[in-house]
Structure formats: C-alpha cells, structure tokens
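# Commentary on secondary and tertiary structure
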Amino acid sequence: MATKLENTLISKANRHVTINPPKMCQPIGAMYATLGIDKAVPLVQGSQGCCTYVRYQFNRHFKEPVNIAVTSFHEDAAVFGGRRNLIEGIRNLIFRYAPKVIGVVTTCSSETIGDDIEAFIKEAYKKVREELGDEVAQSVFVVPIHTPSYAGTHVKGYDTATISYIKYFAKSKEPNQKLYIIPGMINPGDIEEVKHLLNLMGIEYSVLFDISKTLNSPLMPPKPLYPEGGTPWQELEDCANGKAILALCPHAGGSGASYLESEFGVKSILGPFPVGVENTDKFVKNVALVCGIEIPEEVKVERGLLLDAMADTCQYTMLRRAAVFGDPDIVIAVTRFLCELGMDVKVVETATPSSTFADEIKKIFDEYNIEGEILVDSDLYEFEYLAKEAGVEVILGNSKAVEVAKSVKCPVVRIGFPVYDRVGYFRYGITGYKGSIWLLDLIVNTILDYSYPHDKLHQ
C-alpha cells in the first residue's frame, strides 16, 4: 500500500547535489558505438581512469574482453596539453594493432585544456607516413569524436559518435536499396531480434555500429586480434546512398540519421524503440512502407504469440504498480509496454536531459488514464522516494535498481545497461514481438518469485 513518508522530498532540481545518478559520462557512449565497427579501436584522449572505468563496465556487463586504448594523461599533459600523447598514441596503435578505424574519444580534461584534436591527428598521420610509409597511413581512418563528460550523458556520447562517423565516412555514390539501422545503446540480443524481424520480412539492410558479434563472440582458439563482426567502414561510407535510415533510439543515433537526410536526402525514421505491441507494430509498418512490401505471415504469427502471452498472464500484471528508470528511449518504450499489460506505472525517470521525454510519457499516461510521476535529468534518490511513497510493487531498471528495490521492498526486473549483478542478460533481446514475450515472462516470473501467494499460483 502507498504510504506518506515522514521526510519531505527535496527534488533534484532544487538541490545542489546529485545523489545516486543512474547515468554515465559521454565517452562511454562513444566507445560503445566505436566497438560496433569492424576492426575499430576507441582511443581515449585522457587519463587512464577514463579508460579503465569503461573497460570495467563493459567487461562486467558483456563478460567479454574489450580493446580500448588510452593516451595516458599525467600531470604534464594536464598542464601543457595532450598533443604528444595523442600523436604517439595513434602511432603506437597503428604500429602494434593495425586497426582499420581509430575513434579518438575526447574527455573532460582534453576538452578543458583545449586540445586541437583535428590538428594533432594531421600531425599523427604525418609521423606515421614518415615512419611506416604512405600505404600504412592510408590504411587507417582516424575519426575525432568530441565528448566532454560535463556536456551530456552516455546517451549523448553515443549520439555524437554516430554523427561524427557518418560525417567522416558518408559519400554520395550510386543509390542502393538498403535500409540502414542505427540501434542505439542496446544489447547484442536486441540487435539479433531486430535482424530476425528484418530477415523474416526479406529486407536488404545493414546495421551500423553493430555490436551483436563484437560484444558477444565465441570462444574459439586461436583468439583473433579483433572479434569477428562489426559494421565494415564501407557500409558507413555507403549509408549516404541508402533507401532509408532508421534510428531505433532517437536520443542515441537520431542526430546521425537526421544528418543523412539533410545532407544526402536519405529518408530518416526516428524510433520508436520496438518493444511491446504498438511500438513493434510501428517498426514493422515503417519498414514495410519504406521497402514497399507486405507484412509476411510469420511476423503476424509472432505478434499473435505476444498477444496470447499477454492474455495468459494478465491476472499477474493487471493494475500492478510499477516504476521504470534508464535511458530515455528504452524507458519510453517499456513504459508503453507496461501500460499495454494493464500495469499502473507510478514513477518514470531518466537521468539524461531530454526535451521530448516528458511529453512522450505524458502522452502514454493520458492514453491509459494513468497519473504517474515523470522525472527528467533526475537521480535515484528522488526516484526511490517517489517509488516508496507510491507503494511500487516492481521496479524495472539496470543493476542500480537493486539497492532502491531493497529500500522500497519490491522485486527488480533488470533491463538496460549495465547489468552487472546477473549474467547473460545481454544475450536476450527485449525488442520485437519475441523479445517482448521474453520481457513479459521475466516481469511475471520476477513478481511470482518475490512474494506471490502460493495458493493463487494454480488458479
């Protein structure tokens, strides 16, 4: 039951401190996108901590080794700038690892110092040409990505990386019939589910920044220097000639898609993230409309299976009070799905600043006649307070939800990034009709496991 708490909440907007923020810095988003390119290495222009923290997050979420290089700022670089570090870093990376693409990811320190990254890259190319020859210098693409940590979250960093790569590579050539997908910061399993739907529809497509193999690779000796998979740089070059580009997460990839439309006339479609019935319907219809095809029977069958699963479990989900936090596009999609399940969504939160998030959630709330709290650019302190006051019965979010759930005394359904206190979540998608069935099963089984009366399980 909902209870009125004794202490009065001071909202995040009226405090000078942030308490338990569910967000990360911009560079981690840029590295996420870079690891989805074939034989690409992120090179962090900053201190070792800016690299170690990210590798730690990727390792414990994906359970995979990740190649991330760093220019190792120390006191001298902080005072005199990172020119020497970056030139030597690019030279060493090419000499020792022979990557096809290097994404130079800036940090708060390099941006504050005022490093002229573009000029340093030109000097690095000159040094590589002198030492290793023209052929080696021309065999690698070095792309600057400006991601000062204080100017946005990991979601903004991913978005900035997508437009940086597309601006660098995209070239107008002969038109092709491909549909291009920018997935956003989602799991390998999510991308596989999207591919599954597109394959059923017989679409010619290419996923840009595709981590489905690079961050979920088989253990097969001998270990390659780079994991198989990732988007070839040629696809980034050719995306300027595609039929359309679809950004599944408008906050993370929408800028790249919009740039392609404004510069090359490629039709861009921004979202929605395909979770649940309505959002997946929109995704399927958008793809069918753009590609001029009928929706195949196999896709309709999968939709029917989702509806059947929802009907089978409505007694466990109907009017159950829920709260959600995470990246804006994922939260918007999951909130709509919870409403489709008949759940009563009490608190919705994203720590990423957004001009559209509140309106999108309010639209869903109005549609389902729900009165819930909407938090934007907020923290988990405020989220926890409101969830506790509303008597929330289940929380959906990443692993940071665990401590909140202990306080609220309710179970957790783990979604998003990072999930580090359980294994294997990255393998399973919540996208598409099949992925939504998996998410539904996860929600219901989590509720049943926590405290559902045993004598009602058989009714």
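Residues numbered from 1 in each chain as written. Predicted model: local features only at pLDDT ≥ 70, side-chain atom pairs only at ≥ 80, totals over all residues. Heavy atoms only, no water.

Under the annotation held in an unreviewed UniProt entry, the protein chain carries the name Nitrogenase molybdenum-iron protein subunit beta and is attributed to Caldicellulosiruptor diazotrophicus.

## Re the overall build of the protein chain
Helix and strand counts for the protein chain stand at 18 helices and 13 strands. A compact globule built from 459 residues should have a C-alpha radius of gyration of about 23 Å, and the protein chain, at 23 Å, falls within 12% of that. The 459 residues of the protein chain split such that 57% are buried. Sequence separation of 24 or more characterises 75% of the internal contacts of the protein chain that already satisfy a separation of 6 or more. Here the protein chain displays about 19,900 Å² of accessible surface, and carbon together with sulfur accounts for 52% of that area. Here the protein chain carries 46 positive and 58 negative side-chain charges, and the mean point of each set is 3 Å from the other. (Helix = DSSP H or I, 4+ residues; strand = E, 2+ residues; numbered from the N terminus. Rg over C-alpha atoms; globule rule 2.2 N^0.38 Å. Buried < 20%, exposed > 50% of the residue type's maximum accessible area, 1.4 Å probe, protein only. Contact = heavy atoms within 4.5 Å. Areas by Shrake-Rupley, 256 points an atom, 1.4 Å probe, with all protein chains shown as cover. Lys, Arg positive; Asp, Glu negative; His and termini not counted. Charge placed at Lys NZ, Arg CZ, Asp CG, Glu CD.)

## Describing the sheet that holds strand S2 (residues 69-70)
The strand order across the open sheet built from four strands is S2-S1-S3-S4, with neighbouring strands paired in parallel fashion. Two strands in the sheet have a free side with no partner beyond their single neighbour: S2 and strand S4 (141-145). The pairing of strand S1 (residues 40-45) with S2 spans two bridges and is classified as parallel. By the bridge assignment, Val 44 is partnered in S2 with Val 70. (Pairing = 2+ DSSP bridges.)

## As for the packing of aromatic side chains
Under the counting rule described, the total for this entry stands at 19 aromatic pairs. Between the aromatic rings of Tyr 32 and Phe 58, the centroid separation amounts to 5.7 Å while the plane-to-plane angle is 65 degrees, which identifies the pairing as edge-to-face. With Tyr 32 in helix H1 (residues 26-34) and Phe 58 in helix H2 (residues 48-62), the pair connects residues that are 26 residues apart, well separated along the chain. Comparing Tyr 32 with Phe 58 shows no difference in burial state: the two are buried. Through a chain of ring-to-ring contacts, three or more aromatic side chains come together here, namely Tyr 32, Phe 58, Phe 62, Tyr 158, Tyr 165, Phe 209, Phe 417 and Phe 426. Sitting above the plane of the Phe 95 ring, Arg 91 keeps its charged end 5.0 Å from the centroid. (Phe/Tyr/Trp six-rings, centres within 6.5 Å; stacked < 30°, edge-to-face > 60°. Lys NZ or Arg CZ within 6 Å of the ring centre and 35° of its normal.)

## A few points about helix H16 (residues 380-389)
Every α-helix winds through 3.6 residues per turn, so residues three or four apart in the chain are directed the same way. Among all positions in H16, only Leu 380, Glu 382, Phe 383, Tyr 385, Leu 386 and Ala 387 are buried. Packed against the buried residues of H16 are strand S9 (321-325), strand S10 (344-350), strand S11 (373-376), strand S12 (394-397) and helix H17 (401-408). One or two steps after H16, the chain reaches Gly 391, where phi turns positive at roughly 65 degrees.

## So, the nonpolar core
By size, the foremost hydrophobic cluster in this structure holds 113 residues, and its most contacted members are Phe 58 and Leu 338. For this core, the leading source of residues is helix H18 (residues 432-451), giving nine residues. Residues in contact with Phe 58, not counting those within four places in the same chain, are Ile 28, Met 31, Tyr 32, Leu 35, Lys 63, Val 66, Ile 68 and Phe 417. Listed in part, the 20 residues of the second largest apolar core include Leu 43, Val 104, Phe 120 and Ala 137. (Core = buried A, V, L, I, M, F, W, Y, C linked by side-chain atoms within 4.5 Å.)

## Topic: the state of the cysteines
Under the counting rule described, the total for this entry stands at zero disulfides. Unpaired in this structure, Cys 239 has its nearest cysteine sulfur neighbour in Cys 291, at a distance of 16 Å. Judged by relative accessible area, which is 0%, Cys 239 ranks as buried. For the unlinked cysteine Cys 410, the closest cysteine sulfur is that of Cys 339, found at 17 Å. On the accessibility criterion, Cys 410 (5% relative accessible area) is buried. (Disulfide = S-S within 2.5 Å.)

## Some remarks on the environment of Glu 228
Examined against the element boundaries, Glu 228 turns out to sit in the loop between strand S6 (205-207) and helix H10 (233-238). A relative accessible area of 63% means that Glu 228 is categorised as exposed. When the C-alpha atoms of Glu 228 and Val 348 are compared, they prove to be 38 Å apart, with 120 residues separating the residues in sequence. With near-sequence residues (within four places) excluded, Glu 228 lies in contact with Lys 213 and Thr 214.

## A short note on the UniProt feature "domain: Nitrogenase/oxidoreductase component" (unreviewed entry) in the protein chain
Per the UniProt entry, the sites bearing "domain: Nitrogenase/oxidoreductase component" (unreviewed entry) are residues 25-447 in this numbering. For residues 25-447, the helix share is 50%, the strand share is 13%, and the end-to-end C-alpha distance is 33 Å. (UniProt positions renumbered as here; feature names shortened; annotations may be inferred.)

## Brief notes about the packing of helix H12 (residues 276-291) against helix H14 (residues 328-340)
H14 packs onto H12 with a crossing angle of 125 degrees between their chain directions and a minimal axis gap of 7 Å. In terms of their interaxial angle, H12 and H14 are classed as oblique. On H14, the residues touching Gly 276, Val 277, Glu 278 and Asn 279 of H12 are Ala 333, Arg 336, Phe 337 and Glu 340. Of the residues belonging to the contact of H12 with H14, the class tally is three nonpolar, two polar and three charged. (Axes fitted to C-alpha atoms, helices over the stretch in contact; angles between N-to-C directions. Parallel < 35°, antiparallel > 145°, perpendicular 65-115°, else oblique. Nonpolar A, V, L, I, M, F, W, Y, C, P; charged D, E, K, R; others polar.)

## As for the pattern of salt bridges
For the structure on display, the rule yields 23 salt bridges. Salt-bridge contacts for Arg 83 lead to Glu 123; the nearest nitrogen and oxygen are separated by 2.7 Å. Taken together, the residues Arg 83 in helix H4 (residues 83-97) and Glu 123 in helix H6 (residues 117-132) connect sequence positions 40 residues apart. For Arg 83, a relative accessible area of 42% translates into the label partly exposed. Between Glu 235 and Lys 178 there is a salt bridge whose closest N-O contact spans 2.8 Å. Within this pair, whereas Glu 235 is found in helix H10, its partner Lys 178 is found in the loop between helix H8 (154-169) and strand S5 (179-182), the two being separated by 57 residues in sequence. Glu 235 gets classed as buried once you look at its relative accessible area, which sits at 18%. When its relative accessible area of 16% is taken as the criterion, Lys 178 is described as buried. Through salt bridges with shared partners, one network takes in Glu 88, Arg 91, Lys 127 and Glu 131. (Salt bridge = Lys/Arg side-chain N within 4 Å of Asp/Glu carboxyl O.)

## Observations concerning the side chain of Gln 45
Structurally, Gln 45 is set in strand S1. Of the residues examined, Gln 45 reaches a relative accessible area of 0% and is grouped as buried. Not counting the four nearest positions on each side in its chain, Gln 45 is found in contact with Thr 71, Phe 73, Gly 82, Leu 86, Val 104, Val 105, Thr 106, Thr 107, Ser 110, Asp 115 and Ile 117.

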